[in-house]
Amino acid sequence: MVERLILSIAIALILLVLASLYRLFFGPTILDRILSANVIGTKTTVLLLLLGILYGDLGMFVDVAVAYALLNFIATLGASKFFIRKRDEIRNEATGGGS
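What counts, and where the lines are drawn
- What you see as residue numbers is a count from 1 along each chain, following the sequence as written.
- Local features are withheld for residues below a pLDDT of 70 in this predicted model, meaning they are given only at 70 or higher, and side-chain atom pairs are given and counted only at 80 or more; totals for whole chains, interfaces and linings count all residues.
- Processing note: side-chain calculations cover all non-hydrogen atoms of the structure and skip hydrogens and water entirely.
- A run of H or I in DSSP counts as a helix once it spans at least four residues, and a run of E counts as a strand once it spans at least two, with each numbered from the N terminus.
- Throughout, the radius of gyration refers to the C-alpha atoms, and the reference size of a globule is 2.2 Å times the residue count to the power 0.38.
- Three exposure classes are used, based on accessible area relative to the maximum for each residue type with a 1.4 Å probe and protein chains only: buried under 20%, partly exposed in between, and exposed over 50%.
- The criterion used for residue contact is that any of the two residues' heavy atoms lie within 4.5 Å.
- The accessible surface values rely on the Shrake-Rupley method and a 1.4 Å probe; as for residues, cover is taken only from the protein chains in view.
- Here a salt bridge means any side-chain nitrogen of Lys or Arg lying within 4 Å of a carboxyl oxygen belonging to Asp or Glu.
- Buried Ala, Val, Leu, Ile, Met, Phe, Trp, Tyr and Cys residues form a nonpolar core when they are joined through side-chain atoms within 4.5 Å.
- Each axis is a line fitted through C-alpha atoms, taken for helices only over the stretch in contact, and angles between the N-to-C directions span 0 to 180 degrees.
- Should an angle lie under 35 degrees it is considered roughly parallel, over 145 roughly antiparallel, and from 65 to 115 roughly perpendicular; all remaining angles are considered oblique.
- When residue character is reported, Ala, Val, Leu, Ile, Met, Phe, Trp, Tyr, Cys and Pro are called nonpolar, Asp, Glu, Lys and Arg charged, and the others, Gly included, polar.

A. A look at the overall build of the protein chain. Of regular secondary structure, the protein chain possesses three helices and zero strands. For 99 residues, the compact-globule estimate of 2.2 N^0.38 gives 13 Å, and the C-alpha radius of gyration of the protein chain, at 18 Å, exceeds that figure by more than 25%. Each principal axis of the C-alpha atoms in the protein chain carries an extent, and together these give about 65 × 25 × 10 Å. The burial tally for the protein chain puts 21% of its 99 residues in the buried class. If you take every contact in the protein chain between residues at least 6 apart in sequence, the share linking residues at least 24 apart comes to 51%. For the protein chain, the accessible area works out to roughly 7300 Å², and carbon and sulfur atoms hold 70% of it.

So this is what it looks like as structure tokens:
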């Protein structure tokens, strides 16, 4: 019974990941795409924890999930900062303002 509930939740998360993939590929701005990638990474972390519950070895999967979540967070911060700086440089060049 519990396994069936966990599998149902996992399938729902996978469907939500597929919905987020649309935003990742067709997002209107680069920041929307970065946010979509972050959402996919967060859902993947939850899926890893659900797998840990299913396999009965949650301790090992928690370690992997925490490492993956940390990498996802750092990558999101780095990409956001990079593209925000890039956008500001382009705006400064367009307005004629230099450093």
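That shown, we press on.
B. Quick look at the pattern of salt bridges. For the structure on display, the rule yields one salt bridge. For D88, the salt bridge is made with R87, and the minimal N-O distance between the two is 3.8 Å.

C. Representation of the nonpolar core within the structure. Grouped together as the largest cluster of nonpolar side chains are five residues: I6, A10, L13, L47 and L50. Within the residue set of this core, elements represented by two or more residues are α1 (2-26) and α2 (30-55). Top element by residues in this core is α1. It accounts for three residues.

D. Main features of the environment of S36. Tracing the backbone through its elements, the reader meets S36 in helix α2. Counting along the chain gives 14 residues from S36 to Y22, while the straight-line C-alpha distance between them is 8.8 Å. Discounting residues that sit within four places of it in the chain, S36 has contacts with S20, R23 and L24.

E. Region of the structure containing the packing of α2 against helix α3 (residues 58-95). Closest axis-to-axis distance for the α2/α3 pair is 9 Å, and the angle between their directions is 180°. The angle between α2 and α3 places the two elements in the roughly antiparallel class. A per-class count over the contact of α2 with α3 returns 19 nonpolar, nine polar and one charged.

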